[in-house]
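Analysis of the macromolecular model
Okay, here's what each chain looks like letter by letter:
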Amino acid sequence: MPLTAQLRQHAQAIFQAGVAAADPYQAVKRCLTANGILLDIRLNDGNTHTRRWTKIHLIAFGKAACAMASAAHDSIPAYLLGAHPIAVTNYENVTDLAAIKVVGAGHPLPDAEGFYAAQCIAEIASDAQQGELLLVLVSGGGSALIPYPVPGISLAEKVATTDVLLASGATINEINGVRKHLSQLKGGGLAKLAYPADVHALILSDVLGDDISAIASGPTVADPTTYSDAVAILKTRQAWDKIPTAVQQHLHQGVQGAIAETPKANDTIFSRNSQTLVGSNALSVNAMLQMARRLGYPSQLYSSHLCGEARTVAKDWVTYAKTLQQPVALVAGGETTVTLQGNGRGGRNQEMALAFALAAQQQGLGGQWAFLSGGTDGRDGPTDAAGGLVDAGTISRMISPDSAAAHLANNDSYPALQRAGDLLVTGTTGTNVADLQVLLLIPAAV
């Protein structure tokens, strides 16, 4: 097998090892054990949360909701389960589940089906009683999938606000910081509805650093952000004047104290709450490093918190790669951003892959190499690709460097990579722990 083809094959194997490490079914199964009339829930400190709950209400939302709900359903005695378990996921990840209501909803832009699902979840939480458990299974994408706007803001107005933020280059934490203050479920809202029932969340993190208040906009935990923070984010991202007037008015009222803040850490509603982090980007990055070593590559962590503008991050990576003198696998995890400057088609991982290939050609990165950037959910932006897998021949397969540069300038990475045969297409994976990257490099001097 030609060396470049082998590098590409190995890059995909390393990426898939990272995705497999975030398997949502196994992650939940590891945390739940039925013990007679008790249920043991593993906590992150190694201890267990054990109680005899009279009833367990099961709700799941996010891109991994179906697998997580299935694992919980298989682990909990049937007589303990509430009558209306529900799993809400994006349309691509919908799976029929016995005895669990599955709702497909819009992502990244919320839709009417998500609004309906949010109403169902709010009803289940509100019906939970003291001595019962609301078991909440949270995964990436959950914030967009269960929109439940505050009174005075329509779903269309919330969608418009999300759309503006996505196009502004805002980070996921910034987007969620705004959405928390427009929602009845996010930012601790779900925990508020469930009180005084117990609430435990099993969380598959798609947020770097695993800030549980940011994952799916923290529906079961205290919100450290404020209305003032939300306004500042919108203004910093030059999005304030582009959002609907009703949203501006609501946020202004919040800043002035006319509307109650989202629940904070000292609120009584959190006295019955706990959570377990069952999977994360960091765990997947570690699995990639292990796979790279098994394949025979000296392996290094390039970054565990890869963020910033995708094309800039790619150039910096090429600059660093040029300093290397020995074969290496460089692995990273994170979530970059794209500030839209054109009207093309693609996503942040495709843009990073295209930008890496172009920068490697411009900077003269020698030797043989393969670079992969992919979303663990199998979807990068509004496309059917997970990202891109490029090598030293990518630009020539796109006809010319000028053609590649024009596509990059127009945020049009998808057709460029498609022409080169360099789209990474995995299909939906049923999980989501942000993005993963790997560079396999054999320098020219070796």
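The sections below set out a description of the structure shown in this document. (Residues numbered from 1 in each chain as written. Predicted model: local features only at pLDDT ≥ 70, side-chain atom pairs only at ≥ 80, totals over all residues. Heavy atoms only, no water.)

**Observations regarding the side chain of His 250**
- Residue placement: His 250 occurs in helix H10 (residues 245–255).
- Given a relative accessible area of 7%, His 250 falls into the buried group.
- In this view, His 250 contacts Val 150, Ile 153, His 181, Leu 182, Tyr 227 and Ile 259; residues no more than four positions away in its chain are not counted. (Helix = DSSP H or I, 4+ residues; strand = E, 2+ residues; numbered from the N terminus. Buried < 20%, exposed > 50% of the residue type's maximum accessible area, 1.4 Å probe, protein only. Contact = heavy atoms within 4.5 Å.)

**Comments concerning the packing of aromatic side chains**
- Here the structure, examined in full by the defined rule, presents six aromatic pairs.
- Measuring from ring centre to ring centre gives 6.0 Å for Phe 115 and Tyr 148, while their planes differ by 50 degrees; the resulting arrangement is tilted. Of this pair, Phe 115 sits in helix H4 (residues 112–127) while Tyr 148 sits in the loop between helix H5 (142–145) and helix H6 (155–168), placing them 33 residues apart in sequence.
- Since its relative accessible area comes to 27%, Phe 115 is described here as partly exposed.
- The exposure class of Tyr 148 is buried, given its relative accessible area of 18%.
- Judged by centre distance (5.6 Å) and plane angle (50 degrees), the rings of Tyr 302 and Tyr 320 are tilted. Within this pair, whereas Tyr 302 is found in strand E10 (residues 299–306), its partner Tyr 320 is found in helix H12 (residues 310–321), the two being separated by 18 residues in sequence.
- Relative accessible area serves as the criterion here: at 32%, Tyr 320 is assigned to the partly exposed category.
- Three or more aromatic residues link up through ring pairs in this structure, and these residues are Tyr 302, Trp 317, Tyr 320, Phe 356, Trp 369 and Phe 371.
- Over the aromatic face of Trp 240 sits the side chain of Lys 235, whose NZ or CZ is 5.4 Å from the ring centroid. (Phe/Tyr/Trp six-rings, centres within 6.5 Å; stacked < 30°, edge-to-face > 60°. Lys NZ or Arg CZ within 6 Å of the ring centre and 35° of its normal.)

**Structural notes on the packing of helix H9 (residues 227–236) against H10**
- Where H9 contacts H10, the two axes come as close as 8 Å, and the packing angle between them is 135 degrees. Here H9 is positioned oblique relative to H10, judged by the angle of their axes. Classified by chirality, the crossing of H10 by H9 is left-handed. Where H9 approaches H10, its residues Tyr 227, Ser 228, Ala 230, Val 231 and Leu 234 are matched on the opposing element by His 250, Leu 251, Gly 254 and Val 255.
- A class-by-class count of the residues in the contact of H9 with H10 yields six nonpolar, three polar and no charged. (Axes fitted to C-alpha atoms, helices over the stretch in contact; angles between N-to-C directions. Parallel < 35°, antiparallel > 145°, perpendicular 65-115°, else oblique. Left-handed = near helix turned anticlockwise from the far one by under 90°. Nonpolar A, V, L, I, M, F, W, Y, C, P; charged D, E, K, R; others polar.)

**Considering helix H16 (residues 413–420)**
- By the burial criterion, the buried members of H16 are Ser 413, Tyr 414, Ala 416, Leu 417 and Ala 420. Along H16, the residues classed as buried sweep out an arc of 165 degrees about the axis, all on the same side.
- Buried-residue contacts for H16 involve helix H13 (348–363), strand E13 (387–391), helix H14 (394–397), helix H15 (401–409) and strand E14 (423–424).
- Where H16 ends, the next residue or the one after it, Gly 421, has phi of about 75 degrees, a positive value. (Arc of directions from axis to C-beta.)

**Regarding the pattern of salt bridges**
- Summed over all chains, the structure comprises 15 salt bridges.
- Across the salt bridge formed by Arg 8 and Asp 391, the nearest N and O atoms sit 2.7 Å from each other. Taken together, the residues span a long stretch of sequence, with Arg 8 in helix H1 (residues 3–20) and Asp 391 in strand E13 at a distance of 383 residues.
- Here Glu 92 makes a salt bridge to Arg 379, at a shortest N to O gap of 2.5 Å. (Salt bridge = Lys/Arg side-chain N within 4 Å of Asp/Glu carboxyl O.)

**Notes on H1**
- With 18 residues, H1 extends 26 Å from end C-alpha to end C-alpha; this agrees with the ideal 26 Å at 1.5 Å per step.
- Those residues of H1 not exposed but buried are Leu 7, Arg 8, His 10, Ala 11, Ile 14, Phe 15, Ala 17, Gly 18 and Val 19.
- Elements in contact with the buried residues of H1: helix H11 (281–294), strand E12 (368–375), E13, H14, E14 and strand E15 (435–442). (Expected span 1.5 Å × (residues − 1).)

**Describing the nonpolar core**
- In terms of nonpolar packing, the biggest core is built from 37 residues, with Trp 317, Phe 356, Trp 369, Phe 371, Val 390, Met 398 and Leu 439 touching the most fellow members.
- If you list the elements that add at least two residues to this core, you get H12, strand E11 (328–334), H13, E12, H15, H16 and E15.
- With nine residues, the single largest contributor to this core is H13.
- Aside from chain neighbours lying at most four places away, what touches Trp 369 is Leu 7, Phe 356, Ala 357, Ala 360, Val 390, Asp 391, Ala 392, Leu 439, Leu 440 and Leu 441.
- Listed in part, the 31 residues of the second largest apolar core include Ala 22, Trp 53, Leu 202 and Leu 204. (Core = buried A, V, L, I, M, F, W, Y, C linked by side-chain atoms within 4.5 Å.)

**Focus on the sheet that holds E15**
- Taken together, six strands build an open sheet; the order of strands is E10-E11-E15-E12-E13-E14 and the sheet is mixed. Bordering the open sheet on either side are E10 and E14, each of which pairs with just one other strand.
- Relative to E15, E11 runs antiparallel, the two being bridged by seven bridges. Bridge pairing links Ala 332 to Gln 437 in E15.
- Along the sheet, H11 makes contact with E10, E11 and E15, crossing E11 at roughly 170 degrees. (Pairing = 2+ DSSP bridges.)

**A word on the sheet that holds strand E9 (residues 273–279)**
- Pairing in this open sheet of six strands is parallel, and the strands run E6-E5-E4-E7-E8-E9 from one edge to the other. Both edges of this open sheet fall to strand E6 (101–105) and E9, since each of them pairs with a single strand only. Looking at each pair of strands side by side, their axes are set apart by 15 degrees on average, direction ignored.
- Seen against the sheet, H4 touches strand E4 (56–61), strand E5 (86–90), E6 and strand E7 (133–138) and runs at an angle of roughly 140 degrees to E6.

**Looking at the state of the cysteines**
- Scanning all chains against the criterion turns up zero disulfides.
- The closest cysteine sulfur to the non-disulfide-bonded Cys 66 is located on Cys 120, 15 Å from its own sulfur.
- The class for Cys 66 is buried, based on a relative accessible area of 6%. (Disulfide = S-S within 2.5 Å.)

Geometric descriptors of this kind do not, in isolation, establish any biological role.
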